[in-house]
Amino acid sequence: MSNTWYEPQTTGSRSRSGVEAKVQIAQFYNRHRPIINAVGPLLLLMAMVAVFALINPRFLSWINLFNLMRQSSILLIVSTGITFVILMGALDLSVGAIVTLVAISSAVLIRDFNIGAAGIAVAAACIGALCGLVNAALVLRLRLPSFVATLGTMTVLGGVSTWISGGGNVFFQSPNLTWIASGSMIGRIPNSGVLALLIFVVASVVGSRSHFGRALFAIGGGGLTARLSGIDVLRTKAVAFVVCGTLCGVAGLLLVARTSTGTSRMGDDLLLQAIAAVVMGGTALSGGSGGVHRTLTGVLVIAVLQNGLNIAGVHTYLQIMVTGLIVVLSVTITLDRSRLASIK
């Protein structure tokens, strides 16, 4: 009579149940992806506000809220611009360099030529639009991937900015320009915040209600299908790059007007923050989903995170690391892996 003990074979069943659970989770996420992308950032924003308010009650003070609005205004403008580009499945890595170039160019024009606020505003928008036009020409005429083309212009514009500034700081005085960026016309609400919200509202309407906005979604969903539908793909892409450059020009002017000092690489941090805000808001890097109207939520998440970490006394380098992690996590959640080949 044998007394051999046979252990039940449960390893295979456990592995199969684990695989089935993963498949069910993936199916649930794919089925509810739009809801998760829309509600997730809002829940994260509310959670961060609650945590930072508990850490330091000053976080919800009116002074800090107005300061938060002032700090996030430039990021909102840049993020609004780059959303148009990302919606069509492309990338613009030169946004930070455009902001820096416009900021330093504006400082030099005011210091050396004493140009007024109105003239500088026009010049800043034109410089930004010209940079966007160059990006469009490289992508559409030379058929370079947007990632490569804008990476090249980012490097070139950074060198031009350093050359114009002479490698040092450019100081100037323009009371009217400083008031536009740092003053307040409606109570204590900063003018820069009001301007950023106006730009965001107009861009949201254009992105969701106009033929141009619908064309961007169609191109992001599939360029060939959009072309067969009668959409002028080349012109739409060119306009998107020019609009992005123009808004970066406006942001650069506000940035330099706030401090009355132009410095090299002063807009470099905006690239990572803008991409993080757009993706966090629910616009996928693969294009065709999301929208400008969602970018505000992403900007608030980034701005609240940075402001809360500042109040909590967290080191700046750690804040940059946290922002980078948010970009990775946001892309992981929102990216449609079935369309990886469409990211240009």
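Look above for the structure.
Everything numeric in this text was worked out from a predicted model, so none of it was measured. (Residues numbered from 1 in each chain as written. Predicted model: local features only at pLDDT ≥ 70, side-chain atom pairs only at ≥ 80, totals over all residues. Heavy atoms only, no water.)

> Just to check I follow, could you spell out the overall build of the chain for this structure?
Looking only at helices and strands, the chain features 14 helices and four strands. A buried classification covers 45% of the 344 residues belonging to the chain. Here the analysis covers contacts within the chain between residues at least 6 apart in sequence; of these, 80% occur between residues at least 24 apart. If you sum the accessible surface of the chain, you get close to 17400 Å²; carbon and sulfur atoms cover 68% of it. (Helix = DSSP H or I, 4+ residues; strand = E, 2+ residues; numbered from the N terminus. Buried < 20%, exposed > 50% of the residue type's maximum accessible area, 1.4 Å probe, protein only. Contact = heavy atoms within 4.5 Å. Areas by Shrake-Rupley, 256 points an atom, 1.4 Å probe, with all protein chains shown as cover.)

> Got a minute to help me understand the packing of aromatic side chains in this structure?
Tallying each qualifying case throughout the model produces three aromatic pairs. Between phenylalanine 52 and phenylalanine 59, the aromatic rings sit 5.7 Å apart at their centres with planes inclined by 45°, giving tilted as the arrangement. Take phenylalanine 59: its relative accessible area is 2%, and that puts it in the buried class. (Phe/Tyr/Trp six-rings, centres within 6.5 Å; stacked < 30°, edge-to-face > 60°.)

> I would appreciate a short explanation of the environment of alanine 118 in the present structure.
Its location among the elements puts alanine 118 in helix 5 (residues 117-140). By relative accessible area, which is 60% here, alanine 118 ends up exposed. Alanine 118 sits 59 residues away from leucine 177 along the chain, and the two C-alpha atoms are 8.7 Å apart.

> Can you help me understand unusual backbone geometry in this one?
In terms of backbone geometry, most residues other than glycine have negative phi values and most peptide bonds are trans. You will see that asparagine 114, though not glycine, has its phi angle at about 55°, which is positive. Non-glycine residue arginine 265 carries a positive phi angle of around 65°. You can see arginine 265 is positioned in the loop between strand 4 (261-262) and helix 12 (269-281).

> It is not clear to me how the packing of helix 9 (residues 211-221) against helix 11 (residues 233-259) should be interpreted in this structure. Could you clarify?
Two quantities define a packed helix pair, namely the angle between the axes and the distance from one axis to the other. The N-to-C vectors of helix 9 and helix 11 enclose an angle of 110°; their axes lie 10 Å apart at closest approach. Classified by the interaxial angle, the pair formed by helix 9 and helix 11 is roughly perpendicular. Across from Phe212, Ala215, Leu216 and Ile219 in helix 9, the residues of helix 11 making contact are Val233, Thr236, Lys237, Val239 and Ala240. Its residues assigned to classes, the contact of helix 9 with helix 11 comprises seven nonpolar, one polar and one charged. (Axes fitted to C-alpha atoms, helices over the stretch in contact; angles between N-to-C directions. Parallel < 35°, antiparallel > 145°, perpendicular 65-115°, else oblique. Nonpolar A, V, L, I, M, F, W, Y, C, P; charged D, E, K, R; others polar.)

> Can you help me understand the nonpolar core in this one?
Grouped together as the largest cluster of nonpolar side chains are 85 residues, with contacts concentrated most on Val78, Ile82, Met88 and Leu177. If you tally residues by element for this core, the top one is helix 11, at twelve residues. (Core = buried A, V, L, I, M, F, W, Y, C linked by side-chain atoms within 4.5 Å.)

> Please explain the side chain of serine 72 as it appears in this structure.
Structurally, serine 72 is set in helix 3 (residues 62-87). We classify serine 72 as buried; its relative accessible area is 10%. Each residue touching serine 72, except ones within four places of it in the same chain, is listed here: Val299 and Ala303.

> Explain a nonpolar patch on the surface to me, please; I cannot follow it from the model alone.
Taken together, Val39, Leu42, Leu43 and Met46 make up a surface patch of nonpolar side chains, about 360 Å² in accessible area. Tracing the chain through its elements places valine 39 in helix 2 (residues 33-55). (Patch = residues over 30% accessible without salt bridge, like charges linked within 9 Å, V, L, I, M, F, W, Y side chains within 5 Å. Salt bridge = Lys/Arg side-chain N within 4 Å of Asp/Glu carboxyl O.)

> I tried to follow the pattern of salt bridges on my own but got confused; where do I start?
Oppositely charged side chains may form a pair once their charged atoms are brought near each other. All told, the structure shown has three salt bridges when counted by the stated rule. Of the charged contacts in the structure, one is a salt bridge between aspartate 232 and arginine 235, with a shortest N-O distance of 3.9 Å. The partner of arginine 265 in a salt bridge is aspartate 268, with the nearest N and O atoms 2.9 Å apart. For aspartate 268, a relative accessible area of 30% translates into the label partly exposed.

> Help me understand helix 13 (residues 295-311), please; the structure alone is not making it clear to me.
Since the α-helix turns once every 3.6 residues, residues separated by three or four places project in the same direction. The end-to-end C-alpha distance of helix 13 is 24 Å, a good match for the 24 Å that 17 residues give at a rise of 1.5 Å each. With respect to burial, helix 13 is a largely interior element, 13 of its 17 residues being buried. Among the residues trailing helix 13, glycine 313 stands out with phi positive, at a value near 80°. (Expected span 1.5 Å × (residues − 1).)

> What am I meant to see in the environment of alanine 149 here?
Assignment of secondary structure puts alanine 149 in helix 6 (residues 146-165). According to the relative accessible area criterion, alanine 149 is buried, its value standing at 4%. Dropping the residues within four chain positions of it, alanine 149 is found in contact with Leu138, Val139 and Leu144.

> When you look at the packing of helix 3 against helix 8 (residues 191-209) in this model, what are you seeing that I'm missing?
Look at helix 3 against helix 8: their axes get within 8 Å of each other, and the N-to-C directions meet at 20°. In terms of orientation, helix 3 and helix 8 fall into the roughly parallel class. Here helix 3 runs over helix 8; the crossing is left-handed. Facing Met69, Arg70, Ser73, Leu76, Ile77, Thr80 and Phe84 of helix 3, the residues of helix 8 in contact are Ser192, Gly193, Val194, Ala196, Leu197, Ile199, Phe200, Ala203 and Gly207. (Left-handed = near helix turned anticlockwise from the far one by under 90°.)

These figures capture arrangement, not role.
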